Amino acid sequence: MSGLLSRRTLAVAAILAGLVYPFVVPNDYFVYVMALAYIYAIAALGLNLMLGYTGHLNLAHAAFMAIGAYTVGILTVDYGVPYWIAFLLAGVNAAALGFVAGIISLRLKHHYFSIFTLCIGIIVWLVIEKWDGLTHGVVGIMGIPAPTGIGPIRFDTTLAQYYLILAMLALALVVMDRIVHSLTGRAFMAIRNGEPLAEALGVPLMRTKVLSFVISVAYAGFAGALYAGFVRFLGPSIAAETNAFDMIAFILVGGLGTLSGPVIGAIMLTWATQSLQFLQDYRLLVFGPLLILLVMFMPKGIIGTLKARQAREAGERASAARREQAEADASADGRKAPAHA
Amino acid sequence: MLEVSGLTKRFGGLAAVKDVSTSFERGRITAVIGPNGAGKTTFFNLVAGAYRPTEGIVRLDGEDVTGMRPDRMAMLGLARSFQTTTLFEDESVLDNLIVGHRLRTRSTLLDAILNTARARADNRECRRKAEEALSFVGLDHAADRVVADISQEEKKRVAFALALATEPRIVLLDEPAGGVNPEETAGLARLIRKMAESGLTVGLIEHKMGMVMGLADKVVVLDHGEKIAEGTPGEVSRDPKVIEAYLGADFALAGAGHAAM
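In this text the structure is predicted, and so the values were computed from the model without any measurement.

## Concerning the overall build of chain A
Here's step 1: In terms of regular secondary structure, chain A is built from 14 helices and 2 strands.
Here's step 2: When the backbone C-alpha atoms are referred to their principal axes, chain A occupies close to 95 × 50 × 45 Å.
Here's step 3: Counting all 341 residues of chain A, 49% fall into the buried class.
Here's step 4: Of the contacts formed within chain A by residues at least 6 apart in sequence, a portion of 76% connects residues at least 24 apart.
Here's step 5: Total accessible area on chain A stands at roughly 16500 Å², and carbon and sulfur atoms take up 70% of it.
Here's step 6: In chain A, 22 side chains carry a positive charge and 17 a negative one; their mean positions are 7 Å apart.

This is the structure:
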């Protein structure tokens, strides 16, 4: 019960922190970078469903984010489709292409699956770069409109978009929370723990894995759609596999298979990258060893480590309470027994 | 009741299981024994649908279920435990068991996202079933412990509970007492007997002969993929072919010599 309370308290505290953040930082640049971190956090949440909960590493995740972003970019700039319709179609498009990619790639197991998805990612990147007629190729798509206002709310400032993205992140978290704590979420985890056992428990493997994959890449698609409306410029590099690797790093730092881990990781690493910007490409010399140390000494990530400790303590408390109850019952019986005799 | 007839599985030129016919009776414990590499686990995999037989028929209560996928078999009431059960170490025992009853529920992911009454009812039902299964295997006291903190023997019991949460008619247990001490083995044997007495059909692969001989109603002996003997533990343990398979031809001859004297 105390675990539940503290969870709720933490969630409220996090939302409040997100709300006041723009007012405590010196300028718009901090707001801009944070909003970008939230967008990547949404994509990483999706990746974590597949990687952390279902146990499959999809290296094409950035490609699906690119598919979402380009859906918005192409539809709004070239076809004049309103932003929010394009936004919805971005998720639908990523999910539909994910379904096709999923039913093919999920026939493969373990790292064969990952290698296959790496290829999917490269194919998507090539298509974006080479298909000038559709994607504007290496020139990229410029002048993507900001999200259109909803009622009296306008999204034409960085601050307004920051709040829009924060709200989307909160919604993404609520939906993910329901998914991973559902019975279907438990089926995903059973697959991660071992496919033969999951199947023996009546989990249809293919259908369940494809479902996880489709939801996962839909998150990437929506994140891409937000990205397009926020950055307002798209180039093929968004599909690069290095972007997928960044998201994996977010998840590892925050905690694989934890709800808030990818969000914590995305925020921390985005800021770490920003503060090491002066080192340019040499910053990887700092990042690499740090990541190795983390994987060695904190393999469950920040949130994973905290959660494991909390679960253990809660279990011990509950067991102790159960024992005390049992002892109390036993001694009560003991007192009664002589009376019967 | 589960019947198999003429069950054969070839991997390329190698027959891992060759023309095996037998049956598992309701409420009885049928043990499958044999030397390492005899094809016992392959046999279970064929029965449970994990492998498609090259030849032969599997019937569950008269229905032909040959080559049916494991998740469909689970729906039909066949549950199994594996030599090693990978559980979610950082979660409580009870939470680990909830997925076991998922196959008997109807709510979809959309129900879960919208938190509908059906999703909540199914969640409660799965939790109740998990508690019931945990109670059956005698682990009420460990419900809230994280799996990483419980003993090897308790993990074996959790694996049984997971199988029981699926509401099976038949359970196949692959080396349920592997890696636990003799005292704990006796405890697990009592639990397996209790499962049979509750009306379940129990199939068992086990290397611990003492346990098999004291527990099984029927023993099926496999060697090099073929059934070489079948009968009560007493019959099987006197069978020269079984002694030969286990202890080598010399010992069997020596044993026969002794018997003659």
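Additional details are given in the paragraphs that follow.
## Describing the layout of surface pockets
Residue and element names in this part refer to chain A.
Here's step 1: Looking at the second largest pocket, its volume works out to about 860 Å³.
Here's step 2: Residue lining of the second largest pocket: 29 residues in total, with Asn243, Asp246, Phe250, Thr273 and Arg283 positioned closest to the centre.
Here's step 3: Every element with two or more residues in the lining of the second largest pocket is listed here: helix H2 (28-53), helix H10 (205-231), strand S2 (233-234), helix H11 (241-254), helix H12 (261-275) and helix H13 (283-297).
Here's step 4: Of the residues contributing to the lining of the second largest pocket, the split by class is 18 nonpolar, 9 polar and 2 charged.

## Thoughts on the side chain of B:Asp174
Residue and element names in this part refer to chain B.
Here's step 1: Counting through the fold element by element, Asp174 comes out in strand S7 (residues 170-174).
Here's step 2: Put simply, Asp174 is tucked away with no salt bridge, and the nearest opposite charge, on Arg80, sits 5.0 Å away.
Here's step 3: Among the polar contacts made by the side chain of Asp174, one reaches the side chain of Thr41 at a distance of 3.1 Å.
Here's step 4: Once residues lying within four places of it in the same chain are set aside, the contact partners of Asp174 are Thr41, Phe44, Ser81, Phe82, Gln83 and Ile205.

## Examining the nonpolar core
Here's step 1: One finds A:Met65 and A:Leu234 to be the most contacted residues of the largest nonpolar core, which totals 87 residues.
Here's step 2: Of all the elements, H2(A) adds the most residues to this core, at 16 residues.
Here's step 3: Contact partners of A:Leu234, with chain neighbours within four places excluded, come to A:Ala69, A:Tyr70, A:Gly73, A:Gly140, A:Ile141, A:Ile144, A:Tyr227 and A:Ala228.
Here's step 4: If you look at the next biggest cluster of nonpolar residues, it comprises 61 residues, including A:Ala200, B:Leu94, B:Ala161 and B:Val202.

## Notes on the pairing of strand S9 (residues 218-223) of chain B
Regular strands have side chains that alternate between both faces of the sheet.
All names here are of chain B.
Here's step 1: Most of S9 sits inside the fold, with 6 of its 6 residues counted as buried.
Here's step 2: Of the two faces of S9, the one carrying Lys218, Val220 and Leu222 and the one carrying Val219, Val221 and Asp223 are both buried.
Here's step 3: Pairing of strand S3 (residues 29-33) with S9, which is carried by 4 bridges, proceeds in the parallel orientation. Following the sheet pairing, Val32 is matched in S9 by Val220.
Here's step 4: The pairing of S9 with strand S10 (residues 226-231) spans 5 bridges and is classified as antiparallel. Each residue of the ladder has a partner; that of Asp223, found in S10, is Glu226.
Here's step 5: What sits between the antiparallel neighbours S9 and S10 is a turn of 2 residues, in which His224 has the positive phi angle 50°.

## Quick word on the sheet that holds S9(B)
All names here are of chain B.
Here's step 1: With mixed pairing, the 6 strands of this open sheet are ordered in space as S6-S7-S8-S3-S9-S10. Looking at strand neighbours, the two that pair on one side only are strand S6 (78-81) and S10, the edges of this open sheet. Taken over all neighbouring pairs, the strand axes of this sheet differ in orientation by 20° on average, direction set aside.
Here's step 2: Alignment of S7 against strand S8 (residues 201-205), held across 5 bridges, turns out to be parallel. Across the sheet, residue Ile170 finds its bridge partner in S8, namely Thr201.
Here's step 3: Where helix H6 (residues 152-165) meets the sheet, it contacts S6 and S7, and its direction lies at approximately 170° from that of S6.
Here's step 4: Seen against the sheet, helix H7 (residues 182-197) touches S3, S7 and S8 and runs at an angle of roughly 150° to S8.

## Observations regarding the sheet that holds strand S5 (residues 63-64) of chain B
Neighbouring strands of a sheet are bound in pairs by backbone hydrogen bonds; such pairs are parallel or else antiparallel.
All names here are of chain B.
Here's step 1: With antiparallel pairing, 4 strands are arranged side by side in an open sheet as S2-S1-S4-S5. One side of each edge strand has no neighbouring strand; the edge strands of this open sheet are strand S2 (14-24) and S5.
Here's step 2: Where strand S4 (residues 55-60) and S5 come together, 2 bridges link them in antiparallel fashion. Looking at S5, one finds that Arg59 is bridged to Asp64.
Here's step 3: Lying on the sheet, helix H1 (residues 40-48) is in contact with strand S1 (2-11), S2 and S4; it crosses S1 at an angle near 115°.

## Comments concerning the packing of H2(A) against H11(A)
Residue and element names in this part refer to chain A.
Here's step 1: Taken N-terminus to C-terminus, the directions of H2 and H11 make an angle of 75°; their axes are 9 Å apart at the nearest point. The pairing of H2 with H11 is recorded here as roughly perpendicular in orientation. Between H2 and H11, the residues in contact are Tyr40, Ala43, Ala44, Leu47, Asn48 and Leu51 and Asn243, Ala244, Met247, Ile248, Phe250 and Ile251, respectively.
Here's step 2: Its residues assigned to classes, the contact of H2 with H11 shows 10 nonpolar, 2 polar and no charged.

## Thoughts on the pattern of salt bridges
Here's step 1: Throughout the structure, instances matching the rule amount to 21 salt bridges over all chains.
Here's step 2: Ionic pairing is found between A:Lys109 and A:Glu195, a salt bridge with its closest N-O pair at 3.0 Å. Here the residue A:Lys109 occupies a position in the loop between helix H4 (83-105) and helix H5 (110-130), and A:Glu195 occupies one in helix H9 (residues 195-200), the gap between them amounting to 86 residues.
Here's step 3: Accessibility expressed as a relative area gives 13% for A:Glu195, which makes it buried.
Here's step 4: A salt bridge links B:Glu230 to B:Lys227; the shortest N-O distance between them is 2.4 Å.

What counts and what doesn't
- Residues numbered from 1 in each chain as written.
- Chains lettered and ligands numbered in written order.
- Predicted model: local features only at pLDDT ≥ 70, side-chain atom pairs only at ≥ 80, totals over all residues.
- Heavy atoms only, no water.
- Helix = DSSP H or I, 4+ residues; strand = E, 2+ residues; numbered from the N terminus.
- Buried < 20%, exposed > 50% of the residue type's maximum accessible area, 1.4 Å probe, protein only.
- Contact = heavy atoms within 4.5 Å.
- Areas by Shrake-Rupley, 256 points an atom, 1.4 Å probe, with all protein chains shown as cover.
- Lys, Arg positive; Asp, Glu negative; His and termini not counted.
- Charge placed at Lys NZ, Arg CZ, Asp CG, Glu CD.
- 1 Å grid on protein atoms, 1.4 Å probe; cavity = no way out; pocket = protein on both sides within 12 Å on 5 of 7 lines; lining within 4 Å.
- Points joined across faces, edges and corners; volume = space filled by probe spheres on them.
- Nonpolar A, V, L, I, M, F, W, Y, C, P; charged D, E, K, R; others polar.
- Salt bridge = Lys/Arg side-chain N within 4 Å of Asp/Glu carboxyl O.
- Polar contact = N/O pair within 3.5 Å; in protein donor to acceptor, adjacent residues only side chain to side chain.
- Core = buried A, V, L, I, M, F, W, Y, C linked by side-chain atoms within 4.5 Å.
- Pairing = 2+ DSSP bridges.
- Axes fitted to C-alpha atoms, helices over the stretch in contact; angles between N-to-C directions.
- Parallel < 35°, antiparallel > 145°, perpendicular 65-115°, else oblique.

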